[in-house]
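Residue-level listing of the chains:
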Amino acid sequence: MNFFRGVIGGQQAGAQPSGVETIQKLCDRVASSTLLEDRRDAVRALKSLSKKYRMEVGTQAMDHLIRILQTDSSDSEILGYALDTLYNIICSDEEEEQDESEEDTQRRQEDDIGAQFSERFIQEPENVTLLLTMLEEFDFHVRWPGVKLLTALLKCQCAQVQGIILVSPMGVSRLMDLLADSREVIRNDGLLLLQQLTKGNAAIQKIVAFENAFERLLDIITEEGTSDGGIVVEDCLLLLLNLLKNNSSNQNFFKEGSYIQRMKPWFEVGDDNSGWSAQKVTNLHLMLQLVRVMVSPVNSPGATASCQKAMFQCGLLQQLCTILMATGVPADILTETINTVSEVIRGSQVNQDYFASVNAPSNPPRPAIVVLLMSMVNERQPFVLRCAVLYCFQCFLYKNQKGQGEIVATLLPSTIDANSISAGQLLCGGLFSADSLSNWCAAVALGHALQDNLTQKEQLLRVQLATSLGKPPVSLLQQCTNILSQGDKISRRGSKVQTRVGLLMLLCTWMSNCPIAVTHFLHNQDNVPFLTAQISENLGEDERLVQGLCALLLGICIYYNDNSLENYTKEKLKQLIEKRIGKENFVEKLGFITKHELYSRAAQKPQPAFSAPEHMLFDHEFTKLVKELEGVITKAVHKSSEEEKKEEEVKKTLEQHDSIVTQYKELIREQDAQINELKEQMCTLTSQKDQMQNTITQQLSQIQQHKDQYNVLKLKLGKDSGQSDSGQVNGLQLEELTLLREELEELRKQHALLNTQLAERDTLIANLKAEGVQSPDGLTAAPENTELLKELESLRGQVQTQAAEISQLQRERQEVQTRTEALAAVSGEAADLTKVTELENRLSAQTAETNRLQEEVRSLTESRAAMEKERAAATSTATILQTEKSKLQQEVAESKKEQDDLLMLLADQDQKILSLKQRLKDLGETIEDEDDLDARDQFDDDDDEEEEDDE
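To keep things clear, this report deals only with the structure shown in the data block. What you see is a predicted model, and the numbers here were worked out from it, not measured in a lab. (Residues numbered from 1 in each chain as written. Predicted model: local features only at pLDDT ≥ 70, side-chain atom pairs only at ≥ 80, totals over all residues. Heavy atoms only, no water.)

**What to know about the overall build of the protein chain**
- Tallying secondary structure elements over the protein chain gives 41 helices and four strands in all.
- When each of the 951 residues of the protein chain is scored for burial, the buried share is 45%.
- Summarising the internal contacts of the protein chain: among those between residues at least 6 apart in sequence, 74% fall at separations of at least 24.
- Looking at the protein chain as shown, the accessible area adds up to about 47900 Å², and 50% of this sits on carbon and sulfur atoms. (Helix = DSSP H or I, 4+ residues; strand = E, 2+ residues; numbered from the N terminus. Buried < 20%, exposed > 50% of the residue type's maximum accessible area, 1.4 Å probe, protein only. Contact = heavy atoms within 4.5 Å. Areas by Shrake-Rupley, 256 points an atom, 1.4 Å probe, with all protein chains shown as cover.)

Take a look at the structure:
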C-alpha cells in the first residue's frame, strides 16, 4: 500500500486537481447508468485517462470494466473501449526522454504495477475464459484489443495464465484461429501472443503443434519472402523455436510431417551476397538455429540420426555447404552456418563422407576442410570463427574412423604432396606456430583424429618432422616433448600455459590405451625427469593445471606400460613417484585438473563456447578421458608389486575359467542344435506315420465295401438259381457276369494300389534303416518303425484275404459257367438255330473273359508271393534297426557319463574360483562376479534341459 500511495502521490503532484475526481465520477457513471450510450461514453473517457492516470484508473475502474465485459457483450464498441482500457493499465506504452537511471527506475515501477493489476485480473479464472470467448468475435475493435490484452497478461503472469488456458475447453484452438485471420495486424499480434503462450510449457507446445501450427507458420514464412521477409518472418521463426526446442515429441512430428524438406528454400543464396539487411541477417540466423535444434547433440541419438538423414536426402546439407563456401556472406552468418553444418554431420557417416567431398570454388579447387583449417590456424581471423571451425572439425571426426585415417594419412611420408597443402600440414603448422591459440586448436584437432582409434595412434608414430637444415628429422611425438622440456626458443614459446596445456592434452590422448606410444615416449631419457620435476615443484596458481596434466601423463605411462623398457617398468616408475614426489602429493596434483573452474564448463556440451581466447583450456572429449583415467591411475599408483602379481594371477585364473566356460557353452550349443534337429526329424516321422495310418484306414474301409458288394452279388446269384424261365435265367446270368467283370476290374485296381503303397513303405523302411545307421535318430525312430512293420504285416494279411476272395470268385465263375452250359442245352431244345448261335457267341466271349481272369488271378498269386518275400525282408530290417537302437542307447549312456564328469570338473573349478575371489575380497578388492554367476546359472539351466530331453 505504501508503494501505491507513493505512485499516486507522485502522479497527483503533477496532474490536474480534478483528475481523480473525474475518474471517480466516471466509475460511478459506469456502475449506475441504465442507458448503454451513457456507459459507453464513460468507458471511452476512462480509456482516454488510462495512460496518464494508470494507477487511479486501474485501482478504481478495473472491477467495473470486467463487469462491462460480462454484461454488455452484445455491443462491440463498448467492449473494445473496455479492453483497451484494461490493456493500458496492465501494459504501459509511454515513451519519454529520461536519463538512463530514471528510465530503469520508471520501467521497474511500471512492471510492478502491471504485474499487480494482472494478478488482480486473473484472480478469477473466469475473466481469462471470458477473454478467450471474446477472441472468437470477428469484429476488429473487439478481437484486436483482446489479443493485446491477453499478450500483456502472459508477459506479466505467464505460468498462471498458461494454466488457465490449458484447462479451458478449446482455449488453445481459439488462439490458433488468429493465424488464419485475413487482417495482418491481428495475425501478427497473434504470433506474438502464441510466442508468450508457448514459453516453457511443453503441454501447450504439443497442443499448438497438433493444431497444424507448423503448416501455417511455414506458409506465412513463404508468403512473406523467407529470409528476405520482414519482422513477421522473425516472429514465425521465434515461435517455431519455442515449439521445437527441448520438445522431442514436436521434433518427431516436425520430421514425420516432411517439414524439414520445406526448409531447404530458406538457404538459397545468390552469387551477389553484398548489402545484406539487418533483418535478413536476423532471419537467417534464426533459421540456422532452427536446423540446429533438430540435430542438437542433446537430443536422443536416434532422433538426431533420422533428422540428419532427412537433411541429406532433401539437399539441405548441400545447400548449407554452398553458403559455407560462398563469398560475401556476413561473418556472423558464416560462423553460425559452420556450427550448423557441424551438428548436421556429427556422428553421421554419410553426411561426413559428403562433407569430405566438398571443394571450395578456388583455383585449383581445395577441400572445404583444408580451407576451414586455414582459417582456424590464422590468428587474424575472428575468435568465434576459429572456434566454429574447430567444432566443425571435431564433428567431422566424431565416430568417423575413415575420416581419422584420411587426416593422419596426410602426415605420413608416403602420402605427402609437396605441391598442395593438406590438413595434416596445417595442423602441424598450427601446432608449432607462435600463436598460442593456434597451438591449442591444432593440438585439440589432432587429438580428435586419434580419439578411440588405436590404429591411427600407431600410424602417427611414423610421422617425421624436419626441424632445421643439417639436423636429422625427429618424430612428431619427440617434437611435442621437446617443446615442453627443452630450454630453447621453441620451448620459451611453449611456456605459455595455453600451448603447454594443448600439447599435454594431445600427448595424453595419444598415449592412452596405446602401449607402443608409451614405449616411444619413455624411450627418450629426458621425458620422465621433466615430468617428475614439473609435478614436484611448487609453482604458481596458473601452473597448477600444467602440473595436473603432467601427473596425468605420467600416470598413463604407468597404467598402459607393457614393461618392455627395463629402466621404466611399472614398478620402477611407481618407486620414482614415491621417492621424488610422494604418492599423496601425486594424487593431489592429479586432482588439480577436475578442480579447475573451466573444466566443468567444458564438460557440459561438445561445442567449445569460450568468452575469451585465454579461457580455451579444456576440450569436451578430453574431460571424458580425465574422468575415465583419474580413478584407475590413482589405484595403479597405490598398488604394490605383490598386489599386482596377485591380480595378474587372478586375471589369468579368470581367463582360464572363462575359456573353460566358453568351451562348455560351445558344447551345450552343439548339443542343443542336435536335440533340435532330432526333434524336427521326430516331428517329420510322426506326421508320416499319421498319414500312413489314414491311408490304411481308407483302404480297410474300401475292402469292407467290396466285401459287402460281394455278399450282395452272392445272394443275388443264389436267388436266381431257382428261376424256371429260361429267358429270364439267361438274362440274369448276363447281368451277373457284367457285375462280376466290374467287380474284378475294381479288385485289380485295388491290387495295383496296394502294390504301389507297399513299394512306398519299403522305400520308407530303407530310409529309416539308413537314418538309424548314420545318425542318432534311431533312438526315436525305432519304436515307430516297429509299429509301421506291424501295420505292414496287417496290410499283407488283408491282401492275402483279398486274394482268397478272388479265388472264391473264380470258383463261383466256374459254377456260373456250368449253369450257363446247362441253360444253353435247355434253350437249344426250345429255341431256333439263330438263338443258339447267339448263345454260343456269348459263351465264347465269356470263355475268353474267364481265361483272362485266370491269368490275372495267376499274376495276383505271384504278387502275393513277392509280398511274402518283402515281408520277410522288412522283418530282417526291423531286427537290424533294433540292433542299431541298442548301440545308440549305449552311446547316449556313455555321453551322459562324460557330461557328468565334466560337470564335476566344472564344480571343482567353480570352487577354486570362489576361493580365489574370497582371497581377493580379503585383500580389499571388489569383485564384480555377476557375469560369472549368470554364465553358471545358464549352464545349469541348459544341463537340466538336456537331462529332461534324454529322459
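Following the structure, the description resumes.
**Some words on the pattern of salt bridges**
- Tallying each qualifying case throughout the model produces 22 salt bridges.
- Where arginine 143 meets aspartate 181, a salt bridge forms, and the shortest distance between an N and an O atom there is 2.7 Å. Of this pair, arginine 143 sits in helix H8 (residues 140-156) while aspartate 181 sits in the loop between helix H10 (171-176) and helix H11 (184-197), placing them 38 residues apart in sequence.
- For arginine 143, a relative accessible area of 8% gives the class buried.
- Exposure remark for aspartate 181: the relative accessible area of 7% places this residue in the buried category.
- Of the charged contacts in the structure, one is a salt bridge between glutamate 256 and lysine 255, with a shortest N-O distance of 2.7 Å.
- Taken together, the shared-partner salt bridges in this structure form one network comprising Arg40, Asp41, Arg44, Asp75 and Glu77. (Salt bridge = Lys/Arg side-chain N within 4 Å of Asp/Glu carboxyl O.)

**Points about a negative patch on the surface**
- A cluster of acidic residues, Glu891, Glu894, Glu898, Asp900 and Asp901, forms a negative patch at the surface.
- Mapping glutamate 894 onto the fold places it in helix H40 (residues 833-922). (Patch = residues over 30% accessible without salt bridge, like charges linked within 9 Å, V, L, I, M, F, W, Y side chains within 5 Å. Lys, Arg positive; Asp, Glu negative; His and termini not counted. Charge placed at Lys NZ, Arg CZ, Asp CG, Glu CD.)

**Focus: helix H21 (residues 383-397)**
- Taking 1.5 Å of rise per residue, the 15 residues of H21 would be expected to cover 21 Å, and the 22 Å separating its terminal C-alpha atoms lies within 8% of that figure.
- Counting buried residues along H21, 14 of its 15 residues qualify, which places the element largely inside the surrounding structure. (Expected span 1.5 Å × (residues − 1).)

**Side note on the packing of aromatic side chains**
- This structure, assessed with the given rule, holds eleven aromatic pairs.
- Consider the rings of phenylalanine 254 and tyrosine 259, whose centres lie 5.4 Å apart with planes at 40°: the pair is tilted. No difference in accessibility class separates phenylalanine 254 from tyrosine 259, as the two residues are buried.
- Cluster of aromatic residues (ring-pair linked, three or more members): Phe210, Phe214, Phe253, Phe254 and Tyr259.
- A cation over an aromatic ring shows up here: lysine 148 above the ring of tyrosine 87, its NZ or CZ 5.1 Å from the ring centre. (Phe/Tyr/Trp six-rings, centres within 6.5 Å; stacked < 30°, edge-to-face > 60°. Lys NZ or Arg CZ within 6 Å of the ring centre and 35° of its normal.)

**Side note on the nonpolar core**
- Ranked by internal contacts, the top residues of the largest apolar core, which has 205 residues, are Leu150, Leu175, Trp266, Phe267, Phe355, Leu476 and Leu552.
- At twelve residues, the largest contribution of residues to this core is made by H21.
- Each residue touching phenylalanine 267, except ones within four places of it in the same chain, is listed here: Leu284, Met287, Leu288, Val291, Leu316, Gln319, Leu320 and Ile323. (Core = buried A, V, L, I, M, F, W, Y, C linked by side-chain atoms within 4.5 Å.)

**A few points about the environment of isoleucine 333**
- Relative to the helices and strands, isoleucine 333 resides in helix H18 (residues 331-345).
- Sequence separation between isoleucine 333 and leucine 288 is 45 residues, and the spatial gap between their C-alpha atoms is 8.6 Å.

**A look at helix H5 (residues 76-90)**
- The end-to-end C-alpha distance of H5 is 21 Å, a good match for the 21 Å that 15 residues give at a rise of 1.5 Å each.
- For H5, the tally of buried residues reaches 13 of 15 residues, placing the bulk of the element in the interior.

**Some thoughts on the environment of cysteine 156**
- Among the structural elements, cysteine 156 can be located in helix H8.
- In sequence terms cysteine 156 and glutamate 119 are 37 residues apart; their C-alpha atoms lie 8.2 Å from each other.
- Apart from the residues lying within four places of it in its own chain, the contact partners of cysteine 156 are Ile90, Gly114, Ala115 and Ser118.

**Remarks on the packing of helix H2 (residues 19-32) against helix H4 (residues 54-71)**
- Contact pair H2 / H4: the axes reach a minimum separation of 10 Å and the direction vectors enclose 15°. Put simply, H2 runs roughly parallel to H4. Like other packed secondary-structure pairs, H2 and H4 cross with a definite hand, here left-handed. Only Glu56, Val57, Gln60, Ala61, His64 and Ile68 of H4 make contact with H2, whose side of the interface consists of Val20, Ile23, Gln24, Cys27, Val30 and Ala31. (Axes fitted to C-alpha atoms, helices over the stretch in contact; angles between N-to-C directions. Parallel < 35°, antiparallel > 145°, perpendicular 65-115°, else oblique. Left-handed = near helix turned anticlockwise from the far one by under 90°.)

**Structural notes on unusual backbone geometry**
- At lysine 399, a residue that is not glycine, the phi angle is positive and equals roughly 55°.
- For lysine 399, the location among the structural elements is in the loop between H21 and helix H22 (401-409).
- Not every positive phi belongs to a glycine, and asparagine 513 is a case in point at roughly 60°.
- Asparagine 513 gets classed as partly exposed once you look at its relative accessible area, which sits at 49%.

**As for the packing of H11 against helix H13 (residues 231-244)**
- Where H11 contacts H13, the two axes come as close as 9 Å, and the packing angle between them is 25°. Taken as axis vectors, H11 and H13 run roughly parallel relative to one another. Once H11 is placed against H13, the crossing between them reads as left-handed. Along the contact surface, H11 presents Arg187, Asn188, Leu191, Leu192, Leu194 and Gln195, while H13 presents Val232, Asp235, Cys236, Leu238, Leu239 and Asn242.
- Tallied by class, the residues present in the contact of H11 with H13 amount to seven nonpolar, three polar and two charged. (Nonpolar A, V, L, I, M, F, W, Y, C, P; charged D, E, K, R; others polar.)

**Re the side chain of glutamate 343**
- Along the polypeptide, glutamate 343 turns up in helix H18.
- A polar contact of 2.9 Å, which involves the side chain of glutamate 343, links it to the side chain of arginine 292.
- Ignoring any residue separated from it by four or fewer positions in sequence, one finds glutamate 343 in contact with Arg292, Val295, Ser296, Pro297, Gln308, Tyr391, Cys395 and Gln607. (Polar contact = N/O pair within 3.5 Å; in protein donor to acceptor, adjacent residues only side chain to side chain.)

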